[in-house]
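The lines below spell out each chain.
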Amino acid sequence: MHVRVKVTAGASREHVEEEDGVLSIFVKEPPQDNMANRRMMKIVAERFNASLSAVRIVAGHHARNKTLEVSGQ
């Protein structure tokens, strides 16, 4: 399954919103050293009840807008 995500790094509080099939994920971690991406992937894995290894970034590694693939869903 493919999931479209918009990530906001360095947010004051962590939360998830969904609108028009796009998850907007706000994480406290900064965008340096892939920290925000790792936290975002953990949140997606928890949301879809999947393991972290089942989530991978397909497009947008260094962009705010990303496409993720969640295996086994």
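A. Summary view of the nonpolar core. In this structure, Val5, Ile25, Met40, Val44, Val55 and Leu68 are the most contacted members of the largest nonpolar core, which totals 18 residues. For this core, the secondary structure elements donating two or more residues are β1 (2-8), β3 (22-26), α1 (35-47), β4 (55-59) and β5 (65-70). Setting aside residues up to four positions removed in sequence, Leu68 forms contacts with Met1, His2, Val3, Val5, Met40, Val44, Val55, Arg56, Ile57 and Val58.

B. Broad picture of unusual backbone geometry. Of note in the backbone geometry, Asp20 takes a positive phi value of approximately 55 degrees without being a glycine. Along the polypeptide, Asp20 turns up in the loop between β2 (15-19) and β3. Residue class for Asp20 comes out exposed when judged on its relative accessible area of 68%. Even without a glycine there, the phi angle at Asn34 is positive, about 65 degrees. With a relative accessible area of 40%, Asn34 lands in the partly exposed category.

C. Just the pairing of β2, in detail. For β2 and β3, the ladder comprises five bridges, and the chain directions are antiparallel. Residue Val16 lies in a different strand from β3, and its bridge partner there is Ile25. In this antiparallel pair of consecutive strands, β2 and β3, the connection spans two residues, and Asp20 shows a positive phi of 55 degrees.

D. Quick peek at the sheet that holds β3. Within the open sheet, the five strands sit side by side as β2-β3-β1-β5-β4. Their pairing is mixed. Both outer strands of the open sheet, β2 and β4, are each paired with one neighbouring strand and no more. Looking at each pair of strands side by side, their axes are set apart by 35 degrees on average, direction ignored. The sheet contact formed by β4 and β5 spans four bridges and is antiparallel. Bridging across to β5, Val55 finds its partner in Val70. Contacts from α1 reach β1, β2, β3, β4 and β5, with the element oriented near 120 degrees to β4.

Rules used throughout
Residues numbered from 1 in each chain as written. Predicted model: local features only at pLDDT ≥ 70, side-chain atom pairs only at ≥ 80, totals over all residues. Heavy atoms only, no water. Core = buried A, V, L, I, M, F, W, Y, C linked by side-chain atoms within 4.5 Å. Buried < 20%, exposed > 50% of the residue type's maximum accessible area, 1.4 Å probe, protein only. Helix = DSSP H or I, 4+ residues; strand = E, 2+ residues; numbered from the N terminus. Contact = heavy atoms within 4.5 Å. Pairing = 2+ DSSP bridges. Axes fitted to C-alpha atoms, helices over the stretch in contact; angles between N-to-C directions.

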